[in-house]
Amino acid sequence: MGLFNKIFGDSEPKDTSENAVKWNYLTDLDQLSDIAGESQSKPVIIFKHSTRCSISRMALKQFENQYSINAEKASPYFLDLLEYRPISNEIATRFDVVHQSPQILLIKDGKCIYTASHSDIDADDLANKIKAI
């Protein structure tokens, strides 16, 4: 896998100084209830990523490069939807969205108030949505 990553690039998010996103990793179905609760006090962002998709990898890198939302304004969550497919399915049901990959959702007061997928994922647009809340 090391050689593959050197050739094609690693698709996992990195917590580095140049990466402004401090991801919370979504790995358990119970976290969706926590997210709904947390969204009562501040917006929650969910980024659904397919680790096998070059479009998803490109959208993730662009999003991370643009991201400038203060952690006090919104909480970002990252979902590897191939590893945690049941969580992805439950997100679609619970937040009444059509599954896409890659996809970003903005959750406020337990509801999805904004979603974008593929090339429409834009950190600046998301930041403007959060400012308008």
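Data block above holds the structure.
Residues numbered from 1 in each chain as written. Predicted model: local features only at pLDDT ≥ 70, side-chain atom pairs only at ≥ 80, totals over all residues. Heavy atoms only, no water.

**A few points about the packing of aromatic side chains**
On inspection of all chains with the given rule, the structure shows 7 aromatic pairs. Ring geometry for W23 versus F47: centroids 6.0 Å apart, planes at 65°, classification edge-to-face. One end of the pair, W23, is in the loop between α1 (2-8) and β1 (24-25); the other, F47, is in strand β2 (residues 44-49), with 24 residues separating them in the sequence. A connected cluster of aromatic rings, assembled from ring pairs, spans W23, Y25, F47, F63, Y67 and F78. (Phe/Tyr/Trp six-rings, centres within 6.5 Å; stacked < 30°, edge-to-face > 60°. Helix = DSSP H or I, 4+ residues; strand = E, 2+ residues; numbered from the N terminus.)

**With respect to the sheet that holds strand β5 (residues 111-117)**
Spatially, β1-β3-β2-β4-β5 is the arrangement adopted by the 5 strands of the open sheet, whose pairing is mixed. Of all strands in the sheet, those bounded by a partner on one side alone are β1 and β5. Here 5 bridges tie β2 to strand β4 (residues 103-108), and the two strands are oriented antiparallel to one another. Note that in β4 the partner of I45 across the bridge is L106. In the packing of helix α2 (residues 30-38) onto the sheet, the strands contacted are β1, β2, β3 (75-80) and β4, and the crossing angle to β3 comes to about 160°. Docked against the sheet, helix α5 (residues 123-132) engages β2, β4 and β5, running at close to 10° with respect to β4. (Pairing = 2+ DSSP bridges. Contact = heavy atoms within 4.5 Å. Axes fitted to C-alpha atoms, helices over the stretch in contact; angles between N-to-C directions.)

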